Amino acid sequence: MVIKVNGDPLTLAGDSVSILKLLTMKNVEMPEMVSVQLNGEFIDREDLENTRAQEGDDVDFLYFMGGG
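Quick look at the structure, then.

**Some details on the pairing of strand β4 (residues 34–38)**
Along a regular strand, successive side chains alternate from one face of the sheet to the other. The element β4 is extensively covered by neighbouring structure, given that five of its five residues are classed as buried. Residue alternation in β4 divides its side chains into two sets, Val34, Val36 and Leu38 and Ser35 and Gln37, and both sets are buried. Pairing geometry for β4 and strand β7 (residues 58–63), over five bridges, is antiparallel. Within β7, the position partnered with valine 34 by the bridge is tyrosine 63. Direction of pairing for β4 relative to strand β5 (residues 41–43): antiparallel, over a ladder of three bridges.

**Regarding the sheet that holds β4**
Within a sheet, each strand pairs with its neighbour through backbone hydrogen bonds, oriented either parallel or antiparallel. The five strands are arranged β2-β1-β7-β4-β5 in an open sheet whose pairing can be described as mixed. The open sheet has two free edges, formed respectively by β2 (8–11) and β5, since each of these has just one partner strand. Put simply, the sheet's adjacent strands are angled 30° from each other on average, direction ignored.

Reading the values: the criteria
Residues numbered from 1 in each chain as written. Predicted model: local features only at pLDDT ≥ 70, side-chain atom pairs only at ≥ 80, totals over all residues. Heavy atoms only, no water. Buried < 20%, exposed > 50% of the residue type's maximum accessible area, 1.4 Å probe, protein only. Helix = DSSP H or I, 4+ residues; strand = E, 2+ residues; numbered from the N terminus. Pairing = 2+ DSSP bridges. Axes fitted to C-alpha atoms, helices over the stretch in contact; angles between N-to-C directions.

Just geometry here; none of it tells us what the structure is for.
Written out as structure tokens, the structure is:
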């Protein structure tokens, strides 16, 4: 299957992948500090393990940074 992660195509085996596994596969450091959107909808942190990306989905990892 092919999905987009932060706008870049990603080819994966199988027909779906959990968002939590995707965070691990993409080596996201401090995933507790990342918000995730699936097809433009924010995913609750407690749903990351059970929410699955499928063929053609768009996944965005949003990193919030403080500043001054």
